[in-house]
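Here is how the chains run, residue by residue.
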Amino acid sequence: MSGVVALGYASSWGAALVRISPYTFSAIGIAISIGVSVLGAAWGIYITGSSLIGAAIEAPRITSKNLISVIFCEAVAIYGVIVAIILQTKLESVPSSKMYDAESLRAGYAIFASGIIVGFANLVCGLCVGIIGSSCALSDAQNSTLFVKILVIEIFGSALGLFGVIVGIIMSAQATWPTK
């Protein structure tokens, strides 16, 4: 325990974080990437779908063309799955003697951070696309000329998820495990 205090981790939280396996951090990051991205997609589909069904009662013509909003929401989940696959390929076997080296810890933290960034960026993206998709369905039911204009805004909203994916890939580039 004195080695932990010498490293500046006198608190129990600091000692606990350093002793958690980097593979655990990696696995949690990968799970957050998928799980929170799917949560964002589901929430966006819920928001868009409920408005689309309600507005389609008054204007049935909007149903087929407004499904693009649901597809945009589903793309958010796909972003999370793609990044999780990329992060999974970053995992490498490390001898137990090098498990807690600085390089191993950095790799685990990089994958963890990448998963958190992608997951929460996609959560916000799913909400954004869902709210805009809802507005698109309701507006299109009232005035069909507004569909394309609001769809452009929805495309910009879905770019938030792509920004999260790009940042996550950049962060995961820091994940290099020690050689055997």
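The structure presented is a predicted model; accordingly, all values stated were derived computationally and were not measured.

Basis of the calculations
Residues numbered from 1 in each chain as written. Predicted model: local features only at pLDDT ≥ 70, side-chain atom pairs only at ≥ 80, totals over all residues. Heavy atoms only, no water. Helix = DSSP H or I, 4+ residues; strand = E, 2+ residues; numbered from the N terminus. Rg over C-alpha atoms; globule rule 2.2 N^0.38 Å. Buried < 20%, exposed > 50% of the residue type's maximum accessible area, 1.4 Å probe, protein only. Axes fitted to C-alpha atoms, helices over the stretch in contact; angles between N-to-C directions. Parallel < 35°, antiparallel > 145°, perpendicular 65-115°, else oblique. Contact = heavy atoms within 4.5 Å. Nonpolar A, V, L, I, M, F, W, Y, C, P; charged D, E, K, R; others polar. UniProt positions renumbered as here; feature names shortened; annotations may be inferred. pLDDT = per-residue confidence, 0-100. Phe/Tyr/Trp six-rings, centres within 6.5 Å; stacked < 30°, edge-to-face > 60°. Lys NZ or Arg CZ within 6 Å of the ring centre and 35° of its normal. Core = buried A, V, L, I, M, F, W, Y, C linked by side-chain atoms within 4.5 Å. Lys, Arg positive; Asp, Glu negative; His and termini not counted. Salt bridge = Lys/Arg side-chain N within 4 Å of Asp/Glu carboxyl O. Polar contact = N/O pair within 3.5 Å; in protein donor to acceptor, adjacent residues only side chain to side chain. Arc of directions from axis to C-beta.

*Asks:* Can you help me understand the overall build of the chain in this one?
*Replies:* The secondary structure content of the chain amounts to seven helices and zero strands. Put simply, the chain runs from its N terminus to its C terminus through helices and strands in the order α-α-α-α-α-α-α. In summary, the chain has a C-alpha radius of gyration of 21 Å against a globular reference of 16 Å for 180 residues, an excess of more than 25%. Summarising its shape, the C-alpha atoms of the chain cover approximately 70 × 30 × 20 Å along the three principal directions. Burial analysis of the chain (180 residues in total) assigns 43% to the buried set.

*Asks:* What is the right way to look at the packing of helix 5 (residues 67-90) against helix 6 (residues 102-142) in this model?
*Replies:* For any two helices packed against each other, one specifies the crossing angle of their axes together with the interaxial distance. It is at 9 Å that the axes of helix 5 and helix 6 come closest, and there the two elements cross at 175°. What the angle tells us is that helix 5 and helix 6 run roughly antiparallel. Contacts from S69, F72, C73, V76, Y79, G80, V83, L87 and K90 of helix 5 reach helix 6 at I111, S114, G115, V118, N122, C125, G126, V129, G130 and G133. Residues belonging to the contact of helix 5 with helix 6 are distributed by class as follows: ten nonpolar, eight polar and one charged.

*Asks:* Sorry, what's going on with the UniProt feature "transmembrane region" (unreviewed entry) in the chain here?
*Replies:* Residues annotated in UniProt with the feature "transmembrane region" (unreviewed entry) correspond here to residues 20-46, 67-87, 107-134 and 146-171. Along residues 20-46, the helical share is 93% and the strand share 0%, with 37 Å between the first and last C-alpha atoms. In residues 107-134, the share of helix is 100% and the share of strand is 0%. The end C-alpha atoms are 40 Å apart.

*Asks:* I'm lost on the confidence of the model for the chain in this one. Help?
*Replies:* Reading fine detail from the predicted coordinates is not recommended where pLDDT is low. Averaged over all residues, the pLDDT of the chain equals 88, while 93% of them reach at least 70. Ranking the helices and strands of the chain by mean pLDDT puts helix 5 first, with 94, and helix 1 (residues 2-6) last, with 47.

*Asks:* Would you mind going over the packing of aromatic side chains with me for this structure?
*Replies:* Centre distance and the angle of the planes are the two values used to describe a pair of aromatic rings. Taken as a whole and judged by the stated rule, the model has three aromatic pairs. Taking 4.9 Å as the distance between ring centres and 5° as the angle between the ring planes, the aromatic pair formed by Y23 and W177 counts as stacked. Of this pair, Y23 sits in helix 3 (residues 22-58) while W177 sits in the segment after helix 7 (146-172), and the two are 154 residues apart along the sequence. Classification of Y23 as partly exposed rests on a relative accessible area of 24%. Counting every residue linked through ring pairs, the aromatic cluster contains F25, Y109 and F112. Here K65 stacks its cationic end above the ring of F147, 5.0 Å away from the centre of that ring.

*Asks:* Quick question: what am I supposed to make of the nonpolar core here?
*Replies:* The nonpolar side chains of soluble globular proteins are, as a tendency, buried together. Counting residues in hydrophobic clusters, the biggest one holds 13 residues, and the most contacted among them are I30, V83, L87, I111, A175 and W177. At the level of secondary structure, the elements contributing two or more residues to this core comprise helix 5 and helix 6. Beyond its immediate chain neighbours, meaning those up to four positions away, I30 contacts A84, L87, Q88, L91 and I111. With twelve residues, the next largest nonpolar core counts A77, F147, I150 and L151 among its residues.

*Asks:* How should the UniProt feature "domain: V-ATPase proteolipid subunit C-like" (unreviewed entry) in the chain be read in this particular structure?
*Replies:* The sites that UniProt annotates as "domain: V-ATPase proteolipid subunit C-like" (unreviewed entry) are residues 28-87 and 112-171. With 93% helix and 0% strand, residues 28-87 has its two end C-alpha atoms placed 11 Å apart. Along residues 112-171 one finds 95% helix and 0% strand; the C-alpha atoms at either end are 9 Å apart.

*Asks:* Looking at this structure, I do not really get the side chain of E154. What am I missing?
*Replies:* Counting through the fold element by element, E154 comes out in helix 7. An unpaired buried charge is present at E154: no salt bridge exists, and K65, the closest side chain of opposite charge, is 12 Å distant. A polar side-chain atom of E154 sits 3.0 Å from a polar atom in the side chain of S69. The contacts of E154, once residues within four sequence positions are left out, are S69, F72, V129, I132, G133 and C136.

*Asks:* Sorry, what's going on with helix 2 (residues 12-19) here?
*Replies:* Note that an α-helix has 3.6 residues per turn; residues three or four places apart therefore point the same way. All buried positions along helix 2 are accounted for by G14, A15 and V18. One side of helix 2 holds all its buried residues, which, seen down the axis, span an arc of 100°. Along helix 2, the residues that are exposed and aim more than 90 degrees away from the buried face are S12 and W13.

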